[in-house]
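Residues per chain, in single letters:
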Amino acid sequence: MAKVTLSDEKLQARLLEQFEVLQILGTLNLQSLARKCGLRKQQGEGGVKVFISLFMAVFTSSTIAQFVRKAQGSVFGLKKDTAYRYAQRQCIHWRKLLLCVAMRAVGVLGKYSPDSGRYLTIDDSQLEKTGKRIEYLSWIFDKSKKRSTMGFEIPCLSYTDGTSTIPMDFAIKSSANRVSEHLEPADLDGRSYAAKRRMEVGMKKTDLVLEMLTRARNHGVEADAVLFDSWYCYPKLVGKIYHEIGYNVCAQVKATKTIMVTYQGKPYATKQLWNTVVPGLRAKIITVRNVEVEVRSIRADFGNTLVKLVFCRPVDKRSHYKPIILLSTLTHHSEQEVIDTYANRWSIETLFKELKHTWDFGKSQCRNFESNVCFITISMIRSIVFTLMQRQEEDYRYNRA
């Protein structure tokens, strides 16, 4: 009787069926979603295979070229030209793929803690780049380094349930101070997804945020509040999110002479509130992360929106914590609830740190704009997959039967 043998590729495929990463991708129904988003077979390799190969590259190599050399003869084997050709395709709807994968992941997380708080967080991160031939590369101010660098700004929308964080949407933005002009392709089809992404490059970040939240609402994303820091907290933006899109808002307010609120029929600059309104309010002492904080609150009009303002100041004057003002459209919440809600905003900061240090966020060596969109999307999907793996491993509510 002849021996039945398997080729190396078939043997690897059998072994990979038990690989947890690919099991999670199967749970998220990646193959079906990828095809709906334009990742179809073209000129040889299937689109889903190329995507999974690029997805797995982070575990073995730092560049696509290194991965191609190491993956020769394996089930992930592909040519370097094939990888870069797929990354540059203009017909792939990368935004829809990320949002659909994120929505499925949110559905999985809902089984662990259906009654916990659900929040959308907004923030932006800077990606530093080297080289002058990268499309839309510009000079931006890096907040961490306190100086201007070449790169992009990435406004991002994420979802958190207080334990896990899921990236949902992003945009690539550059400043008007471009490093090199006229690098864009002349034959770009204006109807393509790539052309629509390129239109976002010069938009205001507040407008990009409104578009991301609108897409999330249209896809059925439910959230108790949208969280962001003081950079985005302006009356016009808060009003549009609350009245037009339909999400509540919890944010930090800048104490300046230009941002105004109306309290008891009188207009006040937010910086003026500390000296004129706050001293006459009744104070409470609460403990936040082992720090005693003196809090006061009022209801006021922030533009055309009724909000609750919570004034927080550490009791110990030697504390390195600074006084801040928190804003919430959930006016029935107590001061403690507003502070606890805003504390979930920090999840997007840890998400950016994880993306950059673990999942090669923005580290791809490519000049093409579509390639940057592709590799940033893949980095975020990596984060989603391993967030689900970690939650299954550590959450006792996961049913392993």
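Reference entry: report on the structure contained in this document. Treat the numbers as computed from the prediction; the structure is a model and nothing was measured.

Attention now goes to the packing of helix H13 (residues 346-358) against helix H14 (residues 369-394). Two elements in contact, H13 and H14, have axes separated by 10 Å at closest approach and are oriented at 110 degrees. Between H13 and H14, the interaxial angle falls into the category roughly perpendicular. With respect to the hand of their crossing, H13 and H14 are arranged in right-handed fashion. Residues Leu351, Glu354 and Leu355 of H13 lie in contact with H14, whose contacting residues are Ser379, Met380 and Ser383.

Turning our eyes to something else, we now look at the pairing of strand E10 (residues 291-302). Where strand E9 (residues 284-288) and E10 come together, five bridges link them in antiparallel fashion. Bridging from a neighbouring strand, Ile286 pairs with Val293 of E10. Between E9 and E10, which follow one another and run antiparallel, lie two residues, and Arg289 among them has a positive phi close to 55 degrees. The sheet contact formed by E10 and strand E11 (residues 305-314) spans 10 bridges and is antiparallel. Each residue of the ladder has a partner; that of Val293, found in E11, is Pro314. Counting the residues in the hairpin turn of E10 and E11 gives two residues, including Gly303, whose phi is positive at 70 degrees.

What follows covers the packing of helix H7 (residues 94-110) against H14. When two helices pack together, their arrangement is given by the angle between the helix axes and by the axis-to-axis distance. Where H7 contacts H14, the two axes come as close as 10 Å, and the packing angle between them is 10 degrees. It follows that H7 is roughly parallel to H14 by the angle criterion. Residue-level inspection shows Trp94, Leu97, Leu98, Val101, Ala102, Ala105, Val108 and Leu109 of H7 in contact with H14, the latter providing Val373, Cys374, Thr377, Met380, Ile381, Ile384, Leu388 and Arg391. Taken together, the residues that form the contact of H7 with H14 break down as 14 nonpolar, one polar and one charged.

Cut-offs and rules
Residues numbered from 1 in each chain as written. Predicted model: local features only at pLDDT ≥ 70, side-chain atom pairs only at ≥ 80, totals over all residues. Heavy atoms only, no water. Axes fitted to C-alpha atoms, helices over the stretch in contact; angles between N-to-C directions. Helix = DSSP H or I, 4+ residues; strand = E, 2+ residues; numbered from the N terminus. Parallel < 35°, antiparallel > 145°, perpendicular 65-115°, else oblique. Left-handed = near helix turned anticlockwise from the far one by under 90°. Contact = heavy atoms within 4.5 Å. Pairing = 2+ DSSP bridges. Nonpolar A, V, L, I, M, F, W, Y, C, P; charged D, E, K, R; others polar.

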